[in-house]
Amino acid sequence: MSTMSTRSAWRALHYSAKRRAFQPSTPYRCFSCTSRAQEQKPADRMTHFGFTNVPESEKETRVGAVFSSVAASYDRMNDLMSLGIHRLWKDHFVRSLNPGACLPAMTADQRGWNILDIAGGTGDIAFRMLDHATNVNHDMETRVTISDINADMLAEGRKRSLDTPYYNTPRLDFVEANAEHMPHIPDASVDLYTVVFGIRNFTDKQAALNEAYRVLKPGGVFACMEFSKVDNPVLDGIYKRWNFSAIPLIGQVVAGDRDSYQYLVESIERFPSQEEFRGMIQKAGFMIPGQGFENLTGGIAAIHKGIKPIVKA
Amino acid sequence: MAYLARNLPKRVFTPSLTQTIRQTRSISTTVFQSTPTTRTTQLTPTNQPRNPLPHRTYHSALHARLPDHSYTNSQTAILTSALAHVPAHGFSATALTLGARDAGFLDVSVQLLPRGEFDLILFWLASRRGLLRGKVEEGGLFRRIAAEKGKDVHELSVEERVRGLLLERLRMNAEVKDVWQDALAQMSLLANIPISLTELHALASDILTLSGDDAVDAAWYTRRLAVSAIYASAEVVMTRDPTPDLVETAAFVERRFEDRKALADKLTGIGQCAGFGWNTAIGLGRSWGLKI
């Protein structure tokens, strides 16, 4: 305990990675004048970064800085912030998807699922899905590609994969990519696309949904778990108080980084409601099963699903 | 009135009045614009799920009939192919996955059915209910029932029609008889009970409506309750019925209808007895000079 507090105090004394990244890098460089002038488009579209508005081109760097900063303490912080409930949500998410082929394959196409886990840097969901496929459905062929925009989060995932039986097997793969544009993944090649607590941070969510639609096979499933809006006003009051008072404090004490966790709660607040996000999924072309979302713990988080329709020739 | 007002020529307004209206408008517009909007994003109508039928809270023979189920085309495709696997694999995830494969979907596409196996059971119930209605509307079913009893179709009483339809619906279950206990277990799970009861009521209501029952009093409720109870208990008997043509189940249904009749007769008898007793008491009181 004492080592932990010294470490966090030490960190708090230093500049965090995030603050450094906020500073504009080299305001004037003689040789790159022209290229920089071209980059600065006159009408740069704005997007939100927590409660502040930033140009779209900048959000990616800023979010990158946040997650580079929290990568090491990610799991411990998740446990503290959600009081351990995030593990139940993730287990439920994976169990409801039931990944892995439980029946003998009739065609080569049915041999194991091809799963793409977006923003799954630390491998939380990927390892759960592989475990489920192996232990529950006895499927040794299902593969997961972990894709994340942040190299630090991927490094954390690689480190953790050492303790799993999937390390250095063809069943697990790490890719650093932007989910809004993934040219290395061919059209109609993925069975299941998952994004868990990630889509909130995307600059252009609709572009990411369209890209998901492109890479999924017809009949493939888009599944997303994300923080959402609480229905019950009493629970909502407690939840908001916890979010805005406790979480930045925990972030400061445990991870030595208040601003990153302030961003986290602000981005949760800015994320669209269940119904609006369902509309976005539909807009990308997906079919919606039933009401389209499942609320967890009164709507603190919600699971959204969409199925790519089969076009009959 | 509004139509007239719209067509009035503009010059009926005095210039001063028009001026006042303009001012009011400009003020109200500024006020409206200066008000900060609390909700930044609003739901567009296209985001709302389409609901073509208004919710109805009462029964009427004049209402258009609700569809048997609310599954989409893709869901129906998977469920229909999955039903072919039910006799072998039961109402299970395996049957659903095989159905999805047959319909040209992937294994993962069973996510299209949020309730999983229970959706398969519901689809079975709803589609069989639709088939029963189809058989009646086609006209052949009642003629067959009448022929079995050696009567003309018009001579069939409502009671006999109800009995015939109920047995016909039970016979539709014959092919899934061996796996039906699992389905009953699924239906009796706490979360599934409300939907299961709604479906049972829909079946009882359909059977009575198709039989020509036109009660609009308390009997509307008691009859649906009676038919539901008989059908639900007969289903349980059916799962243990070894005879190929469900003879034992048919006998069971006959006995339950007799019971129902006996019970109804007894209740009527008790009612009559109480009525006579009451009248006698009043008459006795009056003969003693009580002013009642």
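Residues numbered from 1 in each chain as written. Chains lettered and ligands numbered in written order. Predicted model: local features only at pLDDT ≥ 70, side-chain atom pairs only at ≥ 80, totals over all residues.

A count of helical and extended segments in chain A gives 12 helices and 9 strands. Evaluated residue by residue, chain A yields a buried proportion of 38% over its 313 residues. Across chain A, every contact between residues at least 6 apart in sequence was considered, and the portion connecting residues at least 24 apart equals 74%. (Helix = DSSP H or I, 4+ residues; strand = E, 2+ residues; numbered from the N terminus. Buried ≥ 20, exposed ≤ 12 C-beta atoms within 10 Å, placed from the backbone. Contact = placed C-beta atoms within 7 Å.)

Residue and element names in this part refer to chain A. The sheet contact formed by strand β8 (residues 293-296) and strand β9 (residues 301-307) spans 4 bridges and is antiparallel. Counterpart to asparagine 295 in the pairing with β9 is alanine 302. Where β8 hands over to β9, the hairpin turn is made up of 4 residues, of which threonine 297 adopts a positive phi near 45°. (Pairing = 2+ DSSP bridges.)

Attention shifts here to the sheet that holds strand β6 (residues 190-196) of chain A. Residues and elements named next belong to chain A. Spatial ordering of the open sheet is given by β5-β4-β3-β6-β7-β9-β8, a layout of 7 strands whose pairing is mixed. The open sheet has two edge strands, β5 (172-176) and β8, and neither has a second partner. Pairs of neighbouring strands in the sheet enclose a mean axial angle of 15°, with direction left out of account. Packed onto the sheet, helix α9 (residues 205-215) meets β3 (114-118), β6 and β7 (216-227) and runs at close to 145° relative to β7. Each of β7, β8 and β9 touches helix α12 (residues 274-283); the most contacted strand, β9, lies at about 20° to it. (Axes fitted to C-alpha atoms, helices over the stretch in contact; angles between N-to-C directions.)

Residues and elements named next belong to chain B. Assigned domains within chain B: domain 1 (72-113) and domain 2 (117-271). Placing a centre on the C-alpha atoms of domain 1 and another on those of domain 2 gives a separation of 27 Å. Looking at the side of domain 1 that touches domain 2, the elements with two or more residues in it are α3 (73-83), α4 (86-89) and α5 (93-102). (Domains from an automatic or database assignment.)

Listed by partner, the interface residues are 19 residues for chain B and 24 residues for chain A. A breakdown of the residues in the side of chain B that touches chain A according to their chemical character gives 8 nonpolar, 9 polar and 2 charged. (Nonpolar A, V, L, I, M, F, W, Y, C, P; charged D, E, K, R; others polar.)

Residues and elements named next belong to chain A. Along β9, 7 of the 7 residues are buried, which leaves the element largely enclosed by surrounding structure. Along β9, one buried face is formed by Ala301, Ile303, Lys305 and Ile307 and the opposite face, lined by Ala302, His304 and Gly306, is buried too. Judged from the 7 bridges that link them, β7 and β9 form a sheet pairing that is antiparallel. Bridge pairing in β9 places cysteine 224 opposite histidine 304.

This part covers the confidence of the model for chain A. Overall, the predicted model of chain A reaches an average pLDDT of 83, with 85% of residues at or above 70. In the predicted structure, residues 15-19 of chain A sits below a pLDDT of 50 and forms 12 contacts with residues beyond four places in sequence or in another chain. (pLDDT = per-residue confidence, 0-100.)

Below, the discussion takes up the environment of Ser70(B). Its location among the elements puts Ser70(B) in the loop between α2 (15-34) and α3. Through-space distance from the C-alpha of Ser70(B) to that of Arg223(B) is 27 Å; in sequence the pair is 153 residues apart.

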